[in-house]
Amino acid sequence: MEQAGRSNQATVDLRPGSGERARGREPGLGALERAQLRKTPGFYRRSWNRFRKNHLALGSLMVIALIGLFVLSAGLISRYVTGFSYSENHLADKLSPTMTNGYVLGSDGNGRDILTRLAYGGRVSLMIAFLSTFATLVLGGGVGLVSGYFGGWVDSLLMRLVDVLLAIPGLALLILITTLYRPGPVGLAFVLAGVSWPGIARIIRGEVLSLRRREYIEAARVVGAPAWRILTRHLLPNIMPLIVIYAAIAIPVLIVDEAALSYLGVGVQVPTPSWGNMLGEATQFLRAYPAKVIIPGAMIYLTSLALYLVGNGIRDAFDPRLGD
Amino acid sequence: MIAYVVRRLLLMLPLLLGVTFLTFAIINLIPGSPVTQLRANPKFRPEDAARLERQLGLDRPWPERYVEWLGELARGDLGVSMHNEVPVAGRILDVLPNTLLLTISSLALALLVAVPLGIYAADRYRTWFDHSASLAAVVMYAMPTFYLALLLVILFALKFREWGLPSLPVGGMTSPRDGGGFVDRAQHLVLPTLSLALIQIGGWSAYIRSQMLETLGQDFVRTARSKGLAHRSVIFRHAARNAFLPLVTLVGLSLPGLFGGALIIENIFAWPGMGRLTIEAVGRRDYTMVMGTTLLFAALTMVSNLIADVMYGILDPRVRFD
């Protein structure tokens, strides 16, 4: 960061082109030089360059890509590899061990193929995690922006709501809502977002509070830019890195939250598979068939670990000061 | 300081009011009532349902019932369970010690392991010990609580018994037969405590390590070294004491997560605590019980944050309460 900042500083100093005139160069060459200098990598490019050097994070990103590929090819796996659909019951073959009767990873308590269900269940789990992360950021970011920018009674009201929500353990609130309302997978994503946004809103608000006193915001206000323009064009791009960092941190947490709810039987409802409810269903056979529990759990863990490491990598790449 | 604590306690009241209002709204805005489930029974006549709803007060609009509930709360009455008419406060007081036993023991264990681990890793900065400790911290941190608990059960309860090793009991607080002794209780506590503690250890040891590294680079540490103090003395008396300060806040902030974790752990280990009570009550739509447990969870969270802030002030003389 420091190094990159310094090189950036140097290019800014060169831009006026006063140096080349002093050295007697042609003005055209100065323009060319300027064009070259304009290629100075931007913030996101420099962050990516830093991220690329983090082998652990890059490796984790590849693991996520593989998991994504596995999940997206669920239809192909069902058709060509296992030959089972995800809801097909074969009660005669129930609880088959791995690699028997054509079940690559065995079958569950209803005689359904575990590998096929892992692929389809992963789709559901990942869809919920990404959708709820997106909704969390929109909600938390929106509230934080509005609250920090407008201040006054809007701010007080929204922040008291944040205080109230943060005072209840998130999981207790989630269990309460999902048990009573029984949402579907998409609804579940929004319930997760509805409980997860306050922490992010508070952080964004703090950042906006410090940004809105900056000169460029004042300048925009002076030339008569309306509030929505200042919010979307001036503030949002500047808090975007913070939002991306929190997105990266939120995804693994939301994966685990969804899995915990589904494990308890109040998240994704069977027959729709999710890694969490596969794990939850399998706990009744824990004593005799621990593998049925270990397999879906391993998928949840692997995904959350890889996403967590990528998140760490993104945080370090965006703001190396935040790392240790 | 007493004035500060009193002011903070007073500030909690509007927040708790908000919590109860929100919870009451969430559980009452959904159509249906605790009686709805009974309607599925063919022997249950519609007039019985209507009578029961009137008896429970469910035929009136929910804002009216909320105000009434608040009035009773102000008189120190949490009402009776809609499921079996057991007093809510009494039931909560029955199970609260079990949850506190579980959370406090795992908190203590996590601190006992994380603090020395973090200090030692910082002292051995960039050695194999430091690297493996950091790796272990990351690996533990991303672990879902319920998965860790199930893996521990598989290993220490099921596989150990299979291999003829001394295995640990799973389920409940005591053994059904000849249980209840101290050793038996302690054995039942091991796995739930370990499941909750291991997750915290990862994050906390990494945090203490980075705090220690920061403190070790400061001038007063260099001064302590240059005046010839023993290494041990520099680490423990000078650096560690300063590195601990933010830890107090961190521990206070992670308590809600700990209660949330206890929710799941109690469910896995059939531990008769607040978490199990909450999940049971929500499942039965026992509105009064749910209100009671939520209120208590929120109060515990706020009080633990207050304790963390007060502790910080006591430990750091630079902080003034005013």
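Residues numbered from 1 in each chain as written. Chains lettered and ligands numbered in written order. Predicted model: local features only at pLDDT ≥ 70, side-chain atom pairs only at ≥ 80, totals over all residues. Heavy atoms only, no water.

### A word on the nonpolar core
Part 1 of the reasoning: One finds F146 and M212 of chain B to be the most contacted residues of the largest nonpolar core, which totals 161 residues.
Part 2 of the reasoning: Among the elements that take part in this core, helix α14 (residues 290-318) of chain A stands out by supplying 14 residues, more than any other.
Part 3 of the reasoning: Ignoring any residue separated from it by four or fewer positions in sequence, one finds M212 of chain B in contact with I119, A122, I235, A239, A240 and A243 of chain B.
Part 4 of the reasoning: With 17 residues, the next largest nonpolar core counts L145, L211, I239 and I243 of chain A among its residues. (Core = buried A, V, L, I, M, F, W, Y, C linked by side-chain atoms within 4.5 Å. Buried < 20%, exposed > 50% of the residue type's maximum accessible area, 1.4 Å probe, protein only. Helix = DSSP H or I, 4+ residues; strand = E, 2+ residues; numbered from the N terminus. Contact = heavy atoms within 4.5 Å.)

### Brief notes about the environment of S205 of chain B
All names here are of chain B.
Part 1 of the reasoning: Mapped onto the fold, S205 is located in helix α7 (residues 182-216).
Part 2 of the reasoning: Along the backbone, S205 and A122 are 83 residues apart, and their C-alpha atoms lie at a distance of 9.8 Å.
Part 3 of the reasoning: If near-sequence neighbours (up to four positions away) are discounted, S205 is found in contact with A114, L117, G118 and A137.

### Here we look at unusual backbone geometry
All names here are of chain B.
Part 1 of the reasoning: Non-glycine residue R126 carries a positive phi angle of around 60°.
Part 2 of the reasoning: Tracing the backbone shows R126 in the loop between α4 (88-123) and α5 (128-141).
Part 3 of the reasoning: Take R126: its relative accessible area is 61%, and that puts it in the exposed class.
Part 4 of the reasoning: Residue R285 is not a glycine yet carries a positive backbone phi of 55°.
Part 5 of the reasoning: Structurally, R285 is set in the loop between α11 (274-283) and α12 (287-315).

### Focus: a nonpolar patch on the surface
Residue and element names in this part refer to chain B.
Part 1 of the reasoning: The grouping of I2, V6, L10 and L13 at the surface amounts to a nonpolar patch, some 420 Å² of accessible area in total.
Part 2 of the reasoning: Here L10 shows up in helix α1 (residues 2-29).
Part 3 of the reasoning: Given a relative accessible area of 52%, L10 falls into the exposed group. (Patch = residues over 30% accessible without salt bridge, like charges linked within 9 Å, V, L, I, M, F, W, Y side chains within 5 Å. Areas by Shrake-Rupley, 256 points an atom, 1.4 Å probe, with all protein chains shown as cover. Salt bridge = Lys/Arg side-chain N within 4 Å of Asp/Glu carboxyl O.)

### What to know about the side chain of D286 of chain B
All names here are of chain B.
Part 1 of the reasoning: Looking at the element boundaries, D286 is found in the loop between α11 and α12.
Part 2 of the reasoning: One buried charge, D286, has no salt-bridge partner; the nearest side chain with opposite charge is R284, at 5.3 Å.
Part 3 of the reasoning: Beyond its immediate stretch of four places on either side in the chain, D286 contacts S81, M82, H83 and A281. (Lys, Arg positive; Asp, Glu negative; His and termini not counted.)

### Some words on the packing of helix α13 (residues 275-282) of chain A against α14 of chain A
Each pair of packed helices can be described by the angle between their axes along with the distance between the axes.
Residues and elements named next belong to chain A.
Part 1 of the reasoning: Between α13 and α14, the least distance of the axes is 8 Å, while the angle of their chain directions is 150°. With respect to their mutual orientation, α13 and α14 come out roughly antiparallel. Read as a crossing pair, α13 and α14 show a hand that is left-handed. Residues W275, G276, M278, L279 and A282 of α13 lie in contact with α14, whose contacting residues are K292, V293, P296, G297, M299, I300 and T303.
Part 2 of the reasoning: The class makeup of the residues in the contact of α13 with α14 is 8 nonpolar, 3 polar and 1 charged. (Axes fitted to C-alpha atoms, helices over the stretch in contact; angles between N-to-C directions. Parallel < 35°, antiparallel > 145°, perpendicular 65-115°, else oblique. Left-handed = near helix turned anticlockwise from the far one by under 90°. Nonpolar A, V, L, I, M, F, W, Y, C, P; charged D, E, K, R; others polar.)

### Details of empty space enclosed by the protein
Part 1 of the reasoning: As enumerated under the stated definition, the model contains 2 cavities of 30 Å³ or more in all.
Part 2 of the reasoning: By volume, the largest cavity amounts to about 70 Å³.
Part 3 of the reasoning: Along its surface, the largest cavity is lined by I168, P169, A172, L173 and L176 of chain A together with T278, V282, V290, T293, T294 and F297 of chain B.
Part 4 of the reasoning: Put simply, the parts of the chain that give the lining of the largest cavity at least two residues each are α9 (170-181) of chain A together with α11 and α12 of chain B.
Part 5 of the reasoning: A total of 4 residues in the lining of the largest cavity trace back to one element, the largest contributor, which is α12 of chain B. (1 Å grid on protein atoms, 1.4 Å probe; cavity = no way out; pocket = protein on both sides within 12 Å on 5 of 7 lines; lining within 4 Å. Points joined across faces, edges and corners; volume = space filled by probe spheres on them.)

### What to know about the environment of I243 of chain A
Residues and elements named next belong to chain A.
Part 1 of the reasoning: With respect to the element layout, I243 can be found in helix α12 (residues 227-263).
Part 2 of the reasoning: Overall, I243 belongs to the buried group, its relative accessible area being 10%.
Part 3 of the reasoning: Separated by 43 residues in the primary sequence, I243 and I200 have C-alpha atoms spaced 8.2 Å apart.
Part 4 of the reasoning: With near-sequence residues (within four places) excluded, I243 lies in contact with L137, I204 and L236.

### Quick word on the interface of chain A and chain B
Part 1 of the reasoning: Across the boundary between the two partners, chain A contributes 38 residues, which contact 44 residues of chain B.
Part 2 of the reasoning: Summed over both sides, the interface of chain A with chain B buries roughly 3,500 Å², with 83% coming from carbon and sulfur.
Part 3 of the reasoning: Three residues stand out in chain A for area buried against chain B, namely L176, L180 and Y301 of chain A, and they jointly supply 18% of the buried area on that side.
Part 4 of the reasoning: Between chain A and chain B we count 0 salt bridges in total.
Part 5 of the reasoning: On the surface where chain A and chain B come into contact, there are 7 residue pairs in polar contact (both at pLDDT 80 or more).
Part 6 of the reasoning: Counting only elements with at least two residues in the side of chain A that touches chain B, the list comes to α8 (152-167), α9, α12 and α14 of chain A.
Part 7 of the reasoning: Considering every element that reaches the side of chain A that touches chain B, the biggest residue donor is α14 of chain A, with 11 residues.
Part 8 of the reasoning: When the residues that make up the side of chain A that touches chain B are grouped by side-chain class, the tally is 30 nonpolar, 4 polar and 4 charged. (Buried area = accessible area lost by both parts, 1.4 Å probe. Polar contact = N/O pair within 3.5 Å; in protein donor to acceptor, adjacent residues only side chain to side chain.)

### Comments concerning the confidence of the model for chain A
Part 1 of the reasoning: The share of residues in chain A with pLDDT of 70 or more is 87%, and the mean pLDDT across the chain is 84.
Part 2 of the reasoning: Counting interchain partners and residues more than four positions distant, the pLDDT-below-50 stretch residues 1-22 of chain A has 17 contacts. (pLDDT = per-residue confidence, 0-100.)

### Here's the deal with the confidence of the model for chain B
Parts of the prediction with low pLDDT should not have their coordinates interpreted in detail.
Residues and elements named next belong to chain B.
Part 1 of the reasoning: Taken as a whole, chain B shows an average pLDDT of 88; of its residues, 99% reach a score of 70 or greater.
Part 2 of the reasoning: Considering each helix and strand of chain B separately, the mean pLDDT is smallest for helix α2 (residues 46-56), with a value of 80, and largest for α4, with 93.
Part 3 of the reasoning: Complex prediction metrics read pTM 0.86 and ipTM 0.89.

### A closer look at the environment of P256 of chain B
Part 1 of the reasoning: Along the chain, P256 of chain B falls in helix α10 (residues 245-268).
Part 2 of the reasoning: For P256 of chain B, a relative accessible area of 15% corresponds to the buried category.
Part 3 of the reasoning: Sequence separation between P256 of chain B and Q37 of chain B is 219 residues, and the spatial gap between their C-alpha atoms is 32 Å.
Part 4 of the reasoning: Leave out the neighbours within four places in its chain, and P256 of chain B touches P169 of chain A together with T301 of chain B.

### Points about the packing of aromatic side chains
Residue and element names in this part refer to chain A.
Part 1 of the reasoning: Within this structure, the stated rule accounts for 18 aromatic pairs over all chains.
Part 2 of the reasoning: Both rings, one in W48 and one in F51, keep their centres 5.8 Å apart while their planes meet at 20°; by these two values the pair is stacked. Highlighted residues: W48 and F51, both in helix α4 (residues 43-52), separated by 3 residues, approximately one helical turn.
Part 3 of the reasoning: Classification of W48 as partly exposed rests on a relative accessible area of 37%. (Phe/Tyr/Trp six-rings, centres within 6.5 Å; stacked < 30°, edge-to-face > 60°.)

### What to know about the pattern of salt bridges
Part 1 of the reasoning: Applying the stated criterion across every chain yields a total of 19 salt bridges over all chains.
Part 2 of the reasoning: We note a salt bridge from R222 of chain B to D219 of chain B, for which the minimum N-O separation is 3.0 Å. Remark: D219 of chain B and R222 of chain B occur in helix α8 (residues 219-226); sequence separation between them is 3 residues, near one turn of the helix. The residues R222 of chain B and D219 of chain B share a single accessibility class, namely exposed.
Part 3 of the reasoning: A salt bridge links D316 of chain B to R318 of chain B, with the nearest nitrogen and oxygen atoms 3.1 Å apart.
Part 4 of the reasoning: Taken together, the salt bridges that share partners define one network made up of D108, R112, R117 and E281 of chain A.

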